[in-house]
Amino acid sequence: QVQLVESGGGLVQAGGSLRLSCAASGRLFRINAMGWYRQAPGKPRELVATITSDGSTNYADSVKGRGTISRDNAKNTVYLQMNSLKPEDTAVYYCNADAWTVVTSTTLTYWGQGTQVTVSS
């Protein structure tokens, strides 16, 4: 099993910035792609950004130019830097990881518990 723990959420004023972190832990695993998703009240979960193991990135149009996803493979950690935050960025932010483990001998998608980001106007 792989555990993902997010941190860095909170309350921020519009125009401000936040840096979210997500650390993966477990035994005998290898992480492939990692990503950030978000879910606002009453809305479905949506993609924010993804990053492959070799650093290729993909962003939702809504965060292009304002968000930067990065990862530290040595620490099994993915980051999301969000700038110029808007009230519509308010949501629970979840990280996920496609990881292969010795236990499962296959690649599964794991999710964190989420961290709340609230942007006040």
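The sections below set out a description of the structure shown in this document.

1. What to know about the state of the cysteines
By the definition in use, this model includes 1 disulfide. One disulfide in the model links Cys22 with Cys95; its S-S distance is 1.8 Å. Linking Cys22 in strand β3 (residues 18-26) with Cys95 in strand β9 (residues 91-101), this pair joins segments that are 73 residues apart in sequence. By relative accessible area, Cys22 is classed as buried at 0%.

2. A short note on the packing of aromatic side chains
Throughout the structure, instances matching the rule amount to 1 aromatic pair. Ring geometry for Tyr37 versus Trp111: centroids 5.1 Å apart, planes at 65°, classification edge-to-face. Of this pair, Tyr37 sits in strand β4 (residues 29-39) while Trp111 sits in strand β10 (residues 107-111), and the two are 74 residues apart along the sequence. Of note, Arg19 hangs over the ring of Tyr79, and the distance from its end group to the ring centre comes to 4.0 Å. Positioned above the aromatic ring of Trp111, the side-chain terminus of Arg45 is 4.7 Å from the ring centre.

3. Section: the pairing of β10
Examined bridge by bridge, β9 and β10 share 5 bridges and lie antiparallel to one another. Bridging from a neighbouring strand, Asp98 pairs with Thr109 of β10. Hairpin connection of β9 to β10: 5 residues between the antiparallel strands, including Ser105 at a positive phi of 55°.

4. Focus: the sheet that holds β3
The strands that make up a sheet pair up through hydrogen bonds in the backbone, lying either parallel or antiparallel. Spatial ordering of the open sheet is given by β1-β3-β8-β7, a layout of 4 strands whose pairing is antiparallel. Two strands bound the open sheet, and with one partner strand each, they are β1 (2-7) and β7 (67-72). Between one strand and the next, the sheet's axes are offset by a mean angle of 15°, whatever the strand orientation. Judged from the 6 bridges that link them, β1 and β3 form a sheet pairing that is antiparallel. Across the sheet, Val2 pairs through a bridge with Gly26, a residue of β3.

About the cut-offs
- Residues numbered from 1 in each chain as written.
- Predicted model: local features only at pLDDT ≥ 70, side-chain atom pairs only at ≥ 80, totals over all residues.
- Heavy atoms only, no water.
- Disulfide = S-S within 2.5 Å.
- Helix = DSSP H or I, 4+ residues; strand = E, 2+ residues; numbered from the N terminus.
- Buried < 20%, exposed > 50% of the residue type's maximum accessible area, 1.4 Å probe, protein only.
- Phe/Tyr/Trp six-rings, centres within 6.5 Å; stacked < 30°, edge-to-face > 60°.
- Lys NZ or Arg CZ within 6 Å of the ring centre and 35° of its normal.
- Pairing = 2+ DSSP bridges.
- Axes fitted to C-alpha atoms, helices over the stretch in contact; angles between N-to-C directions.

Read these as geometric descriptors, not functional statements.
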